[in-house]
Amino acid sequence: MRPIRLTMTAFGPYAGTEVVEFTAALDAGIFGIYGETGAGKTTIFDGISFALFGQSSGAESSAEDMVCHHAHATDVTKVELVFDLGNERYVVQRVPKQQRAALRGSGTTTEPHQAYLFRATGMPLAEIAGDNLGDVV
C-alpha cells in the first residue's frame with residue numbers, strides 16, 4: 001500500500017482541513033515525518049490508520065476521541081486517504097461517530113460512524129475531490 005494523499009478535517013488537533021501529499025516524498029524513494037513535539041506527527045499516522053481500520057495508530061484512542069474539540073460545531077470530522085495498491089488506486093473515506101450541531105433548530109445530533117471505499121484507478125489525483133471519488137466498491 002502506497003499512501004498518496006491524506007485529508008483530515010476537524011481531526012485530532014486540526015480544527016480545519018489539513019492535506020498531506022505523499023507523492024513527492026514517495027518519488028524520492030524514502031522519506032521521514034519529523035517535527036517539534038506536539039507538531040502533529042502522530043496525528044498523520046492516526047489519520048491513515050483511522051481511514052483504513054477505524055482506530056488510531058496505537059489503538060490507544062477511540063474513534064470518538066479523534067474528533068477535534070477546537071473545530072466549529074457544524075464541522076464534521078472526516079478523514080480521506082487516497083492510496084495505491086499495486087496498479088490500482090483507491091479512496092477510503094471515514095467519519096467517526098460524533099455529536100455535531102443540528103442543521104435545523106438548536107441542539108446537537110449524532111452523526112453515525114460511516115466508512116466508504118472507492119476505486120479511482122485511472123483518475124488523475126487532481127480530479128479526486130468532493131463527490132468525484134471514483135466508483136463505490
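Report on the accompanying structure. (Residues numbered from 1 in each chain as written. Predicted model: local features only at pLDDT ≥ 70, side-chain atom pairs only at ≥ 80, totals over all residues. Heavy atoms only, no water.)

### Here we look at the packing of aromatic side chains
- Within this structure, the stated rule accounts for 3 aromatic pairs.
- Against the face of F50 rests R94, its NZ or CZ located 5.9 Å from the ring centre. (Phe/Tyr/Trp six-rings, centres within 6.5 Å; stacked < 30°, edge-to-face > 60°. Lys NZ or Arg CZ within 6 Å of the ring centre and 35° of its normal.)

### Details of the pattern of salt bridges
- According to the stated counting rule, one finds 4 salt bridges in the structure shown.
- The salt bridge partner of E80 is R5, with a shortest N-O separation of 3.8 Å. Remark: R5 occurs in strand β1 (residues 2-11) and E80 occurs in strand β3 (residues 78-85); sequence separation between them is 75 residues.
- Relative accessible area serves as the criterion here: at 10%, E80 is assigned to the buried category.
- The buried category is assigned to R5, whose relative accessible area is 10%.
- A salt bridge links R100 to E111, with the nearest nitrogen and oxygen atoms 2.6 Å apart. With a gap of 11 residues between them, R100 in strand β5 (residues 98-101) and E111 in strand β6 (residues 108-111) connect regions that are remote in the sequence. Each member of the pair, R100 as well as E111, is classed as buried. (Salt bridge = Lys/Arg side-chain N within 4 Å of Asp/Glu carboxyl O. Helix = DSSP H or I, 4+ residues; strand = E, 2+ residues; numbered from the N terminus. Buried < 20%, exposed > 50% of the residue type's maximum accessible area, 1.4 Å probe, protein only.)

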